[in-house]
Amino acid sequence: MTIINELEHTITKLSAKGKGILAADESIPTMTKRLEAVNTESTEESRRAYRDLLITTPGINEFIAGVILFEETLYQKTLDGTSFPEKLMQLAILPGIKVDKGLVTLPNTSNEQTTQGLDNLAERLLEYKKKGACFAKWRAVYQITAHTPSSLAIHTNAESLARYAAICQSVGIVPIVEPEVLIDGDHTIERCAEVSEPVLYSVFHALQRHQVKLEYIVLKPSMVISGKKCAQKATPEQVAKATLTVLKRTVPAAVPTINFLSGGQTSEEATTHLNAMNSVSSSLPWNLSYSYARALQDYAMKMWHGDKQRISAAQNLFYERAKLNSLAAIGNYQPALEKKPSFA
Ligand code: 5MM
C-alpha cells in the first residue's frame, strides 16, 4: 500500500458515521489519578486489566472505530494472550497511539504550557506502526485567564501540532490534532469562543504552512463552553451554536471528521452537547463525533473499581455510554434513554 492509500484507508474508517474514538491513552500519572479516585492501586497489571475490560466489551465495535492507546498498553496483552493492537484489529477497530510526551512550561509566559515529543518522532512512529498503530494523537492545552492564552503560546502550540501532523503523514499515520482549550476557570462561553477562534485559526494556518493534507487528519477540539466555575452555565443550544460558529469560521471543509474531547464535562453533558450540534444542521461539511476518555469511561471505571466480579457490569455501562454517544453522533440521542447507574 502507498502512504496515501494507508492514510485513505484509516481516515475512511475513523470517519464512519455514528462511530467514534475511545481515548484510552491516559499516561501513567493520569491513569494513577483515575484509579486512585476509585480506590484502586495503579500497577502495570491494574492498568492492563482495566484496558482489557474496555476493549473486550462485547459489541463495542458497533460504536467505536478506533482506540487511542498509551505506549505501555501497545506492548501489553489481553487475558487470552493477544496483544492489544492485535485484539483491536480482530474486532475491526483501529489501534492508535498517543505520541506526545506531555506538557512543559513555556518560558516567558504566565505559566502557560506547550507539548514536547517531536524528537525522534518519525522513528518512534515506525516502531508503533510495526505493532499495528495506524493513527496517532498529540494534545496541546490552552488555559483561559484574563491574559491567556498568549499569542506566544498559541503560536508555539500550533507549530508543534503542525510539525507532528506532517511527520505522522510522512510515514502513513493519520494524526489526531488536539488543541484543548481548558474548561477550568470562571470564564463565560463568550470568552471561550473569543479564545477558541484564534487558537483554531492558528492551528490551521500552521497545518497549511507545513503542507499537512487536511483530508487525512482528525481534529479533536474542545467544545465552546462556559468555564467549570462560571456562574452562568451555557445551555446545550448555546454550546452547539457557539461551537459551530467557531468551527465554521476556522476549520476548512476538507477536514473529514471532528471528534470532540469531553474535557471534564459530565458524561450526560458531553452526549447532550454532541447531539445538539448534530441536530442543528445536516449541512455541515464535516462528520461530528466523539473521542472521549472520561465521558465514555467514568461510569465503567466507578462500577469496576478493581473488582473482577464487576467486569461484566462495568462493560454494560461502557457499552451503554458508547451507544448513547453513537446516537448523539447522528443527532438521535434523547435524555429519556439515560439509565443512570445507582452510584451516579
Ligand atoms: C483531554 O484529554 C483527552 C480526552 O479526554 P477527555 O474526553 O477525558 O477530556 C485524552 O485523550 C487525554 O489526552 C489523555 O487522557 C492523555 O492525557 P495525559 O494527561 O495523560 O497526557
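Computed from a prediction, not measured in an experiment: that's the story for all the values here.

On a plain count of helices and strands, the chain comes out with 12 helices and 10 strands. Relative to the globule expectation of 20 Å for 344 residues, the C-alpha radius of gyration of the chain, 19 Å, shows essentially globular dimensions. For the chain, with 344 residues in total, the buried portion stands at 58%. When contacts within the chain are restricted to residue pairs at least 6 apart in sequence, those whose partners lie at least 24 apart make up 79%.

Across its 12 residues, helix 3 (residues 44–55) extends 17 Å between first and last C-alpha, which sits within 8% of the 16 Å expected from 1.5 Å per residue. The buried count for helix 3 comes to nine of 12 residues, which makes it a mostly enclosed element. If you check which residues of helix 3 are buried, you get S46, R47, R48, Y50, R51, D52, L53, L54 and I55.

Here we take up the packing of aromatic side chains. Here the structure, examined in full by the defined rule, presents four aromatic pairs. When the centroid spacing of 5.4 Å and the interplanar angle of 25 degrees are considered together, the rings of W138 and Y164 count as stacked. Pair noted here: W138 is in strand 6 (residues 135–142) and Y164 is in helix 7 (residues 151–170), with a separation of 26 residues, a long-range link. By the burial criterion, W138 is buried, and Y164 matches it. Geometrically, the ring pair formed by Y290 and Y292 is tilted, given 5.8 Å between the ring centres and 40 degrees between the ring planes. When sorted by exposure, Y290 lands in the same class as Y292, which is buried.

As a further point, take the side chain of T78. By secondary structure assignment, the location of T78 is in the loop between helix 4 (71–74) and helix 5 (84–90). Polar contacts involving the side chain of T78 include one to the side chain of D80, which spans 2.7 Å. Residue contacts for T78: discarding those within four places in its chain leaves R48, D52, I55, T56, F84 and K87.

Turning our attention to the pattern of salt bridges. The tally for this structure, following the rule as stated, stands at 21 salt bridges. Note that E26 and R51 form a salt bridge whose closest N and O atoms lie 3.0 Å from each other. Here the residue E26 occupies a position in the loop between strand 1 (20–24) and helix 2 (28–37), and R51 occupies one in helix 3, the gap between them amounting to 25 residues. Overall, E26 belongs to the buried group, its relative accessible area being 7%. We classify R51 as buried; its relative accessible area is 2%.

Moving on: the packing of helix 2 against helix 3. In contact at an axis separation of 11 Å, helix 2 and helix 3 are set at 80 degrees when each is read in the N-to-C sense. Classified by the angle between their axes, helix 2 and helix 3 sit roughly perpendicular to one another. For the pair helix 2 and helix 3, the contacting residues are I28, M31 and L35 in the first and S46, R47, Y50 and R51 in the second. In terms of residue class, the contact of helix 2 with helix 3 is made up of four nonpolar, one polar and two charged.

Conventions used here
- Residues numbered from 1 in each chain as written.
- Predicted model: local features only at pLDDT ≥ 70, side-chain atom pairs only at ≥ 80, totals over all residues.
- Heavy atoms only, no water.
- Helix = DSSP H or I, 4+ residues; strand = E, 2+ residues; numbered from the N terminus.
- Rg over C-alpha atoms; globule rule 2.2 N^0.38 Å.
- Buried < 20%, exposed > 50% of the residue type's maximum accessible area, 1.4 Å probe, protein only.
- Contact = heavy atoms within 4.5 Å.
- Expected span 1.5 Å × (residues − 1).
- Phe/Tyr/Trp six-rings, centres within 6.5 Å; stacked < 30°, edge-to-face > 60°.
- Polar contact = N/O pair within 3.5 Å; in protein donor to acceptor, adjacent residues only side chain to side chain.
- Salt bridge = Lys/Arg side-chain N within 4 Å of Asp/Glu carboxyl O.
- Axes fitted to C-alpha atoms, helices over the stretch in contact; angles between N-to-C directions.
- Parallel < 35°, antiparallel > 145°, perpendicular 65-115°, else oblique.
- Nonpolar A, V, L, I, M, F, W, Y, C, P; charged D, E, K, R; others polar.

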